[in-house]
Amino acid sequence: MIDKRVESLEAAVAGVKDGATVLVPGFGAVGIADNLLEALHDQGAKELTIVANNSGNGDHGLARLINSGRVRKVICSYPRSGDYSAFLKAYRAKSLELELVPQGTISERMRCAAAGLGGFFSPVSAGTKLADGKEQREIDGRLHVFEKPLKGDIALVKAAKADRWGNLVYRKSARNFNPVCAMAAELTVVEVETMVELGTLDPEAVVTPGIFVDRIVVAEPLKIGS
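Everything numeric here is computed off the predicted structure, so don't read it as measured data.

## Observations concerning the overall build of the protein chain
Counting its regular elements, the protein chain contains six helices and 11 strands. In terms of C-alpha radius of gyration, the protein chain reaches 18 Å, essentially the compact-globule figure of 17 Å for 226 residues. On the principal axes, the C-alpha backbone points of the protein chain span a range of 55 × 40 × 30 Å. Intrachain contacts of the protein chain at a sequence separation of at least 6 include 74% that bridge at least 24 residues. As displayed, the protein chain offers around 11300 Å² of accessible surface, 50% of which is attributable to carbon and sulfur atoms. Each charge class in the protein chain can be summarised by its mean position, and for the 28 positive and 28 negative side chains these summaries are 4 Å apart.

## Points about the pattern of salt bridges
Working definition: two side chains of opposite charge can pair if their charged atoms are close together. This structure, assessed with the given rule, holds 14 salt bridges. Across the pair lysine 134 and glutamate 147 runs a salt bridge, and its minimum N-O distance is 2.9 Å. Placement of the pair is lysine 134 in the loop between β5 (120–122) and β6 (136–139) and glutamate 147 in strand β7 (residues 142–147), with a sequence separation of 13 residues. Judged by its relative accessible area of 3%, glutamate 147 is buried. Salt-bridge contacts for glutamate 135 lead to arginine 137; the nearest nitrogen and oxygen are separated by 3.0 Å. When its relative accessible area of 41% is taken as the criterion, glutamate 135 is described as partly exposed. Put simply, Arg72, Lys73, Glu97, Glu99 and Arg109 are held in one network by salt bridges that share partners.

## Considering the nonpolar core
Counting residues in hydrophobic clusters, the biggest one holds 33 residues, and the most contacted among them are Val22, Leu36, Leu40, Leu48, Ile50, Ile66 and Leu156. Of all elements in the fold, only β1 (21–24), α2 (34–43), β2 (48–52), α3 (62–67), β3 (71–76), α4 (85–92) and β8 (152–162) reach the threshold of two or more residues within this core. The residues contacting isoleucine 66, other than those within four sequence positions of it, are Ser55, Val71, Val74, Ala86, Phe87, Ala90 and Leu96. Listed in part, the 24 residues of the second largest apolar core include Ile75, Val101, Val180 and Ile216.

## A few points about empty space enclosed by the protein
Remark: the empty space left among the atoms is shown by a probe the size of a water molecule rolled over them. Tallying each qualifying case throughout the model produces one cavity of 30 Å³ or more. Computed from the structure, the largest cavity encloses a volume of approximately 60 Å³. Forming the walls of the largest cavity are Val24, Pro25, Gly26, Val51, Ala52, Asn53, Ile106, Met110, Phe177 and Cys181. Breaking the lining of the largest cavity down by element, the ones donating at least two residues are β2 and α5 (103–115).

Reading guide: rules and limits
- Residues numbered from 1 in each chain as written.
- Predicted model: local features only at pLDDT ≥ 70, side-chain atom pairs only at ≥ 80, totals over all residues.
- Heavy atoms only, no water.
- Helix = DSSP H or I, 4+ residues; strand = E, 2+ residues; numbered from the N terminus.
- Rg over C-alpha atoms; globule rule 2.2 N^0.38 Å.
- Contact = heavy atoms within 4.5 Å.
- Areas by Shrake-Rupley, 256 points an atom, 1.4 Å probe, with all protein chains shown as cover.
- Lys, Arg positive; Asp, Glu negative; His and termini not counted.
- Charge placed at Lys NZ, Arg CZ, Asp CG, Glu CD.
- Salt bridge = Lys/Arg side-chain N within 4 Å of Asp/Glu carboxyl O.
- Buried < 20%, exposed > 50% of the residue type's maximum accessible area, 1.4 Å probe, protein only.
- Core = buried A, V, L, I, M, F, W, Y, C linked by side-chain atoms within 4.5 Å.
- 1 Å grid on protein atoms, 1.4 Å probe; cavity = no way out; pocket = protein on both sides within 12 Å on 5 of 7 lines; lining within 4 Å.
- Points joined across faces, edges and corners; volume = space filled by probe spheres on them.

Put into structure tokens, the structure is as follows:
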């Protein structure tokens with residue numbers, strides 16, 4: 001019997017090693033697995049590379065990991081959004097490395113990793129500092145930059161509903177980067193609000209099939225500031 005549920009947040013993030021690359025979906029404050037990020041903080045892994053759209057907010061989740069000195073590098077599109085004080089403090093102290101990647105490029109790099117592709121050429125960032133050190137090629141008269149796949153050791157995914165096989169349904173815009181992150185990691189862990197019985201989910205509504213999911217934990221949305 002396939003049952004990917006685990007009994008606790010601690011069990012969900014067990015085994016994450018120092019130096020791991022962690023894929024963190026979310027857009028602004030939407031679709032982020034804050035409970036799993038808090039559990040990862042408590043788990044103790046350090047020297048982490050975080051791949052995310054933003055660099056965290058306040059002092060919870062990703063920002064808490066940064067404040068605790070557990071993050072070595074952030075690969076993201078928008079480091080300065082919301083309350084980014086944790087990122088700013090670490091970056092100014094030169095304890096945190098930053099790699100800026102355009103939003104569509106970061107998503108496509110993860111998709112390439114999921115699909116087993118060797119990378120892709122994109123005109124985005126051509127002729128800018130973001131292209132420094134990368135292969136560039138003229139295609140149909142336009143300069144393109146070669147982007148490598150971006151694979152995670154673990155993805156911390158947030159979904160609205162799941163069955164025990166790991167089939168996932170998301171809530172509206174909370175879907176954002178969750179599906180591509182789920183496909184691009186060696187280990188995909190899902191924080192879900194509601195578990196449903198097999199056969200309950202409409203197959204047409206399933207965005208992430210269970211083949212991409214390894215662990216599921218049920219958790220209430222984190223109450224920020226509690």
